[in-house]
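The lines below spell out each chain.
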Amino acid sequence: MTDIWIQPTGGALGADIHGVDLSQPMSEATYDRILQAWSEHLVLRFSGQRLDDPTLLKFSARFGELDRAPIAAAHHERIETGVDKECEPWISVISSVKKNGVPVGGLGSHELVWHTDMSYNPLPPRASLLYALEVPPDGGNTGFLNMYAAYDTLPDELKRAVEGKTCIHDSSRNSAGELRKGFQTTFDVRKTPGAVHPLVRLNPLSKRKALFLGRRPGAYIHGLGVEESEKLLDAIWAHASQERFAWYQKWRVGDLVMWDNRCVMHRRDAFDEEQRRLMHRTQIIGEPVQAG
């Protein structure tokens, strides 16, 4: 199990891990190599896996304590999702599949904005893991952005502008723009609900700095007027979302992709709503966000 092969994608981030079956017990040596590759490449892909929900949770838990799944959108009804009952609290179902006209899971088939998973929480997840059970023949690709590289290449005036600044991360809507259960629409961004985090985040282990942006909608930079905040956020996002910082995952059944949620943003391409796409996602509890 220690004879694994790490193949970088050649993009701004990401690597394939070959030669490991995640359904089998894993040695500490193999785990250490995976951990080292994850630190270097930020996004890892394990192809051809066959995982049930308990096994997915067991592998995920090697990287830290499991975080609970996020709150569903307001219109999402309680329905049988197919998730193992004991695993339900920790697994998010990302799905376009419907049963009797009711969605099984969330986020549907539409395009999703660039975002950081659950950054509206005081302790955002350290990592997310997404496992493909069903995929459409085309579309639904997931893009990832390297926020270390985005920060390192910020123009000097933008680096000065973001230094010491904090930003609200909207908790009322998901990455598809859907209002979550228990929330009301907020029209003043200064009153957006959600955690407040530094715009520049320091990795406590590597000491590297990354932009930490969450989602663009609903964001507000504390201490600035609304117009000034919007202008600065637009400039930061225009820089951070450049394709030179990105790599895209084209899904196949059995792919498990994990990413460092502290320094990686992601988004999904839209696809035909008549096509089936079913994913199970886990999250790892993170540490307090440290300003860079």
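Look up a bit, the structure's there.
Report on the accompanying structure. Predicted model only: the values in this text are computed from it and were never measured.

1. Points about the overall build of the protein chain
A count of helical and extended segments in the protein chain gives 5 helices and 20 strands. For 292 residues, the compact-globule estimate of 2.2 N^0.38 gives 19 Å, and the C-alpha radius of gyration of the protein chain, at 19 Å, lies within 12% of that figure. The principal-axis extents of the C-alpha atoms in the protein chain amount to approximately 55 × 45 × 35 Å. Among the 292 residues that make up the protein chain, the fraction classed as buried is 51%.

2. Describing the nonpolar core
By size, the foremost hydrophobic cluster in this structure holds 42 residues, and its most contacted members are V43, F144, M147, L211, L213 and V264. Take this core: its biggest share by element is 5 residues, from helix α5 (residues 226-240). Leave out the neighbours within four places in its chain, and L211 touches M147, A150, Y151, L154, L199, V200, I236 and A240. I34, L51, L56 and F59 belong to the second-largest nonpolar core, a separate cluster that totals 30 residues.

3. Examining the sheet that holds strand β9 (residues 112-115)
The strands that make up a sheet pair up through hydrogen bonds in the backbone, lying either parallel or antiparallel. Read across the open sheet, the 4 strands follow the order β9-β19-β11-β17; overall the sheet is antiparallel. Each edge of the sheet is formed by a strand with only one pairing partner; in this case those strands are β9 and β17 (246-249). Geometrically, the sheet is characterised by an average inter-axis angle of 15° between neighbouring strands, direction not taken into account. Across 2 bridges, the pairing between β9 and strand β19 (residues 264-268) is antiparallel. Bridged to L112 within β19 is R268.

4. Topic: the side chain of S92
Within the element layout of this structure, S92 appears in strand β5 (residues 92-95). Side-chain polar atoms of S92 contact the side chain of Q283, separated by 3.2 Å. The residues contacting S92, other than those within four sequence positions of it, are A69, P70, M279, H280, R281 and Q283.

5. So, the sheet that holds strand β12 (residues 166-168)
The 3 strands lie next to each other as β13-β12-β16, forming an open sheet whose pairing is antiparallel. Two strands close off the open sheet at either side, each with one partner strand: β13 (196-198) and β16 (220-221).

6. Quick word on the environment of H222
Relative to the helices and strands, H222 resides in the loop between β16 and α5. Linking H222 and P89, residues 133 residues apart in sequence, is a C-alpha distance of 33 Å. Here H222 is in contact with K165, T166, I168 and V196, once residues within four sequence places are set aside.

7. Notes on the packing of aromatic side chains
Two aromatic rings are characterised by how far apart their centres lie and by the angle between their planes. Throughout the structure, instances matching the rule amount to 7 aromatic pairs. Where Y31 meets F63, the ring centres are 5.4 Å apart and the plane angle is 50°; that geometry is what we call tilted. Linking Y31 in helix α1 (residues 28-41) with F63 in the loop between α2 (53-60) and β4 (66-67), this pair joins segments that are 32 residues apart in sequence. The two residues Y31 and F63 agree in class, both being buried. For the pair W38 and F63, a centre-to-centre distance of 5.5 Å together with 75° between the ring planes defines the contact as edge-to-face. Within this pair, whereas W38 is found in helix α1, its partner F63 is found in the loop between α2 and β4, the two being separated by 25 residues in sequence. The exposure classification of W38 matches that of F63, with both residues buried. Through successive ring pairs, a cluster of aromatic residues spans Y31, W38, F46, F59 and F63.

8. Regarding the pairing of strand β18 (residues 256-260)
Across the 5 residues of β18, 5 count as buried, placing the element largely inside the fold. Two elements, strand β3 (residues 43-46) and β18, share 4 bridges in a ladder whose sense is antiparallel. Residue pairing for β18: V43 is matched across the bridge by W259. Direction of pairing for strand β10 (residues 127-134) relative to β18: antiparallel, over a ladder of 5 bridges. Among the inter-strand pairings, S128 is bridged to a residue of β18, identified as W259.

9. Description of α5
Between the first and last C-alpha of α5 there are 21 Å, a value that for 15 residues agrees with the 21 Å anticipated at 1.5 Å per step. Of the positions making up α5, those classed as buried are S229, L232, L233, I236, W237, H239 and A240. The buried residues of α5 occupy an angular sector of 160° when projected down its axis, which confines them to one face. With respect to the buried face of α5, the exposed residues turned more than 90 degrees away are E227, K231 and A238.

Conventions we followed
- Residues numbered from 1 in each chain as written.
- Predicted model: local features only at pLDDT ≥ 70, side-chain atom pairs only at ≥ 80, totals over all residues.
- Heavy atoms only, no water.
- Helix = DSSP H or I, 4+ residues; strand = E, 2+ residues; numbered from the N terminus.
- Rg over C-alpha atoms; globule rule 2.2 N^0.38 Å.
- Buried < 20%, exposed > 50% of the residue type's maximum accessible area, 1.4 Å probe, protein only.
- Core = buried A, V, L, I, M, F, W, Y, C linked by side-chain atoms within 4.5 Å.
- Contact = heavy atoms within 4.5 Å.
- Pairing = 2+ DSSP bridges.
- Axes fitted to C-alpha atoms, helices over the stretch in contact; angles between N-to-C directions.
- Polar contact = N/O pair within 3.5 Å; in protein donor to acceptor, adjacent residues only side chain to side chain.
- Phe/Tyr/Trp six-rings, centres within 6.5 Å; stacked < 30°, edge-to-face > 60°.
- Expected span 1.5 Å × (residues − 1).
- Arc of directions from axis to C-beta.

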